[in-house]
Every structure is written in C-alpha cells, then in structure tokens.
2 protein chains.
Amino acid sequence: MSQPRACSVARTLEIIGERWSLLVLREVFLGVRRFDAIHAATGAPRAVLVRRLHTLVAAGVLERRGYREEGARAREEYRLTEAGRDLQPVLTALMQWGDRYLAGPEGPPLHLSHAGCEAPVRARLVCEHGHVLDDNGRELSAEPAAHTAT
Amino acid sequence: MSQPRACSVARTLEIIGERWSLLVLREVFLGVRRFDAIHAATGAPRAVLVRRLHTLVAAGVLERRGYREEGARAREEYRLTEAGRDLQPVLTALMQWGDRYLAGPEGPPLHLSHAGCEAPVRARLVCEHGHVLDDNGRELSAEPAAHTAT
DNA sequence: CATCTGAGTTCAAATCGCGAACTGAGCTAC
DNA sequence: GTAGCTCAGTTCGCGATTTGAACTCAGATG
C-alpha cells in the first residue's frame, strides 16, 4: 500500500474535518444562522470562522444569502442545503458518544427528540433487512468495493 | 450568550476532532493495528501519528499493547476499547455522507454489511418508539436540558 | 558482522490558529 | 447631519501545529 486508502470518510473530513466546521454546523442545525451569533455560540475566532463558512458554502453544505427583516438593514445568513441537512446523523452520532462518555454530572446538555412523537432519538446502525445493530460494530463486516485500485 | 455552548459534540471533537484521528480510527476498525501500517494507510506524518495515537489512548478510545508472534520480536499494537468501538456510528455516518455526495464515478470505495445477514448497513436516526427518521433532521426537535447554565 | 523492520524522534520550514483591534456600511436617535 | 450602534467581516503579530525527510535504536535475520 503506497497510497493512503481511498475512502469516503477521508473525503468527508476534507470538508467538515477542520477544527470548527462541525460546531458551526451544530449551530446552524439549532437555528443559529447569523455570523455574530455563530461566533458567540462556538467561540471560534472570527477570521477562522470566515474561512470555515466559505469552505462549507463552497462545498455545498451551507448557503449564504442576504435577507432583510421589517425595517432592519440587510443581513447575511447561512442556511443548510439538502447536503448539509444530511449531515445530521454525523452530528447526532458525535453528540451521542459525548453524552455517553463525556457528560458531566449534570448529564447531557442537549436533548433530541422526534418531533410529534416526543421520543428520544438516537443514531443507530440499521441494516436493510431492518435489523438494528449494536453501536460497537461487532456485527459489521467491511469489504473494499470491486475496483480496489485508485 | 457569553460562553460558547456546552455541548457533547464539542467535547467529543476535543478527542477525535483533530486532523488525523478519525482516519486512524477508521484503520483500526478495519483491523489495521500496527504503527507503520496505520502510517501507510492514512498518510499521516509519523510525528503527528504518534501524538494522535497517544491522545486516543489517553482518552480511552484505543489501547496500546505489546504482543509477540511466534518467533517474531515484540511489537506494539493499538486496539479499540469499548468506548472506541462505540464510535462506529460516527465513522459510518461520515462514510455514508461521503458515499452520497463525494463518491467518484466508481462509486463508494468500501462496503459495510451486516455480518451474517449480508445486507448493507446504514447509520440512521431512530427514535425510541422505533420510528426511523429521515437523515435530514427535519423530524427532529432539539431542546437544551433543564440545567441550561454552564 | 551487515542488514532489515517496527516504532518512534528530531529538525527546519511552512502553515494555521489565536485574540484583539480595526474597517466600513447601513440604520437610528439626537 | 453627525454620533453611535450593529453586523460582517479584515488585519495583524505571535505562538503553536503540521509537514516530509532524515535519523535513532533495539531486536531479528542472514
């Protein structure tokens, strides 16, 4: 093996693997869309935040658009695209692991529930036959696709 | 809001959010456990790899242990702990997103299936009433836990 | 003994991240 | 109409981190 492994994990991390990217996305998922608000909620330095937002927009995960509220001046906001919304399982899986292994004595700081049904939501591994697997991957088997080259 | 948001995502990223950490974990999940092999498979610089491995060991995600094969000299290997195995949904969610949005013309480079049942496995959001949600978070509602402070 | 391998160290150069201060446009109150 | 406020960035200097390549060192191999 002379080349690093070609892998969708690596490619995804090229986009959202930088230091603040996922925290930015967390905020946008929570409905925080304006620059200053994201800055305050994440604590990321402004210069870095600008770069991350541009990267995410360029990658098609966020969308930057101007808007204007009643009699207020024009502002910018960042919204999730379809591709961005599809990152929800990533955030959920990260949060869930932190809840389990890193929560303080007060328990998890944020609670996700199924709108309408109110039940707590978890990221699970599910096979197409409908079996829900344990989270630990012991029931998984991985194999490279046919075209192993590249 | 003067303090950055307290959040399990942020805490988790403190541990596995560095540049190479998740790629290291990907390899260990795939059964690659030796330093040089991880180095070759990820392409991470050796000095960085040493730091990441130490971080992951210190965080209790990996375990470093010496071993010796028949008549070979002693080596070190890195193994997943229970906590490490529980990161599988994170890796799977990342891979799945990359498969959907970043796969080349040859399609996804790696295939996960349910051992025994052979069916493809996906990371899904599932509520405790057993409903499987869309991946896009539209059916989710988030609220801070009671103790909003800190 | 000379060589190979595995697991790191060490090094200088380039990049990146950081906090704090600054810019500049548009609105609002005086 | 000008002083001040808000928002969305820039700029800046410093220090930490990353990088690739070369080097070390111990144990096994020929």
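For the structure itself, consult the block above.
The following refers to the structure shown. Note that the coordinates shown come from a computational prediction; the quantities given were computed from them, not determined experimentally.

**Description of the side chain of E27 of chain B**
Right, on to step 1. Along the chain, E27 of chain B falls in helix 2 (residues 21–29).
Right, on to step 2. According to the relative accessible area criterion, E27 of chain B is buried, its value standing at 0%.
Right, on to step 3. A polar contact of 2.5 Å, which involves the side chain of E27 of chain B, links it to the side chain of R5 of chain A.
Right, on to step 4. Residues contacting E27 of chain B, with those up to four places away along its chain left out, are R5 of chain A together with V32, A41 and T42 of chain B.

**Some details on the interface of chain B and chain A**
Right, on to step 1. Taken together, the contacts link 86 residues of chain B with 86 residues of chain A.
Right, on to step 2. The junction of chain B with chain A conceals about 7,600 Å² of combined surface from both sides, 64% of it contributed by carbon and sulfur atoms.
Right, on to step 3. Area buried by chain B at its contact with chain A is led by R5, W97 and P109 of chain B, which between them contribute 9% of it.
Right, on to step 4. Joining chain B to chain A, the criterion identifies 8 salt bridges.
Right, on to step 5. One salt bridge in this structure joins R138 of chain A and E82 of chain B, with 3.3 Å as the shortest N-O distance.
Right, on to step 6. Linking chain B to chain A there are 37 residue pairs in polar contact (both at pLDDT 80 or more).
Right, on to step 7. Looking at the side of chain B that touches chain A, the elements with two or more residues in it are helix 1 (8–16), helix 2, helix 3 (35–42), helix 5 (82–85), helix 6 (88–101), strand 3 (110–114), strand 4 (121–127) and strand 6 (140–144) of chain B.
Right, on to step 8. Broken down by element, the residue count for the side of chain B that touches chain A peaks at 13 residues, all from helix 6 of chain B.
Right, on to step 9. Tallied by class, residues from the side of chain B that touches chain A come to 47 nonpolar, 20 polar and 19 charged.

**Structural notes on the protein's contact with DNA strand C**
Right, on to step 1. The local shell around DNA strand C holds 22 residues, among which W20 and R68 of chain A together with R73, E76 and Y78 of chain B are the closest.
Right, on to step 2. Near the protein, meaning within 4 Å, the atoms of DNA strand C are sugar or phosphate in a fraction of 60%, with bases accounting for the rest.
Right, on to step 3. One of the side-chain nitrogen or oxygen atoms of W20 of chain A is found 2.8 Å away from a phosphate oxygen of DNA strand C.
Right, on to step 4. A distance of 2.8 Å is found between a phosphate oxygen of DNA strand C and a side-chain nitrogen or oxygen belonging to R64 of chain B.
Right, on to step 5. Contributing elements (two or more residues each) for the surface near DNA strand C: helix 4 (46–58) of chain A together with helix 3, helix 4 (46–58) and strand 2 (74–80) of chain B.

**Quick word on the layout of surface pockets**
Right, on to step 1. The calculated volume of the largest pocket comes to roughly 740 Å³.
Right, on to step 2. As for the largest pocket, its lining consists of 36 residues, and the residues nearest its centre are G17 and E18 of chain A together with G17, E18 and R19 of chain B.
Right, on to step 3. At the level of elements, helix 1 (8–16), helix 2 (21–29) and helix 6 (88–101) of chain A together with helix 1, helix 2, helix 3 and helix 6 of chain B are the ones that each hand at least two residues to the lining of the largest pocket.
Right, on to step 4. Here the lining of the largest pocket is composed, by residue class, of 22 nonpolar, 3 polar and 11 charged.

**Considerations on the packing of aromatic side chains**
Residue and element names in this part refer to chain A.
Right, on to step 1. Evaluated as defined, the whole model comprises 2 aromatic pairs over all chains.
Right, on to step 2. Considering the side-chain rings of W97 and Y101, the 5.0 Å spacing of their centres and the 40° angle between planes classify their relative orientation as tilted. In this pair, W97 and Y101 both sit in helix 6, 4 residues apart, roughly one turn of the helix.
Right, on to step 3. Taking relative accessible area as the criterion, W97 reaches 3% and is therefore assigned buried.

**A closer look at the nonpolar core**
Nonpolar side chains in soluble globular proteins tend to be buried together.
Right, on to step 1. L25 and L62 of chain A together with L25 and L62 of chain B are the most contacted members of the largest nonpolar core, which has 82 residues in total.
Right, on to step 2. When residues no more than four places from it in sequence are discounted, the contact partners of L25 of chain B are I16, L56, V61, L62, L80, L87 and L91 of chain B.

**Focus: helix 3 (residues 35–42) of chain A**
Residues and elements named next belong to chain A.
Right, on to step 1. Where helix 3 is concerned, the buried positions are I38, A41 and T42. Viewed along the axis of helix 3, the buried residues span an arc of 85°, placing them on a single side of the element.
Right, on to step 2. Residues of helix 3 that are buried in the fold lie against helix 2 and helix 4.
Right, on to step 3. Phi for G43, located one or two positions after helix 3, is positive at around 85°.

**Quick word on the protein's contact with DNA strand D**
Right, on to step 1. Among the 22 residues in the neighbourhood of DNA strand D, the closest are listed as R73, E76 and Y78 of chain A together with R51 and R73 of chain B.
Right, on to step 2. In DNA strand D, the atoms that sit within 4 Å of the protein are 58% sugar and phosphate, with bases accounting for the remainder.
Right, on to step 3. In the environment of DNA strand D, a phosphate oxygen lies 2.9 Å from a nitrogen or oxygen atom belonging to the side chain of W20 of chain B.
Right, on to step 4. Contact between DNA strand D and R51 of chain B: a phosphate oxygen at 2.6 Å from a side-chain N or O atom of the residue.
Right, on to step 5. With 4 residues, the single largest contributor to the surface near DNA strand D is helix 4 of chain B.
Right, on to step 6. Each residue belonging to the surface near DNA strand D can be placed in one class, and the counts come to 7 nonpolar, 1 polar and 14 charged.

**Concerning the packing of helix 2 of chain B against helix 6 of chain B**
All names here are of chain B.
Right, on to step 1. Taken N-terminus to C-terminus, the directions of helix 2 and helix 6 make an angle of 105°; their axes are 11 Å apart at the nearest point. Regarding the angle of helix 2 to helix 6, the classification is roughly perpendicular. Two secondary-structure elements touch here, helix 2 through L22, L25, R26 and F29 and helix 6 through Q88, V90, L91 and L94.
Right, on to step 2. Split into classes, the residues belonging to the contact of helix 2 with helix 6 amount to 6 nonpolar, 1 polar and 1 charged.

What counts, and where the lines are drawn
Residues numbered from 1 in each chain as written. Chains lettered and ligands numbered in written order. Predicted model: local features only at pLDDT ≥ 70, side-chain atom pairs only at ≥ 80, totals over all residues. Heavy atoms only, no water. Helix = DSSP H or I, 4+ residues; strand = E, 2+ residues; numbered from the N terminus. Buried < 20%, exposed > 50% of the residue type's maximum accessible area, 1.4 Å probe, protein only. Polar contact = N/O pair within 3.5 Å; in protein donor to acceptor, adjacent residues only side chain to side chain. Contact = heavy atoms within 4.5 Å. Buried area = accessible area lost by both parts, 1.4 Å probe. Salt bridge = Lys/Arg side-chain N within 4 Å of Asp/Glu carboxyl O. Nonpolar A, V, L, I, M, F, W, Y, C, P; charged D, E, K, R; others polar. Near = heavy atom within 4 Å. 1 Å grid on protein atoms, 1.4 Å probe; cavity = no way out; pocket = protein on both sides within 12 Å on 5 of 7 lines; lining within 4 Å. Points joined across faces, edges and corners; volume = space filled by probe spheres on them. Phe/Tyr/Trp six-rings, centres within 6.5 Å; stacked < 30°, edge-to-face > 60°. Core = buried A, V, L, I, M, F, W, Y, C linked by side-chain atoms within 4.5 Å. Arc of directions from axis to C-beta. Axes fitted to C-alpha atoms, helices over the stretch in contact; angles between N-to-C directions. Parallel < 35°, antiparallel > 145°, perpendicular 65-115°, else oblique.

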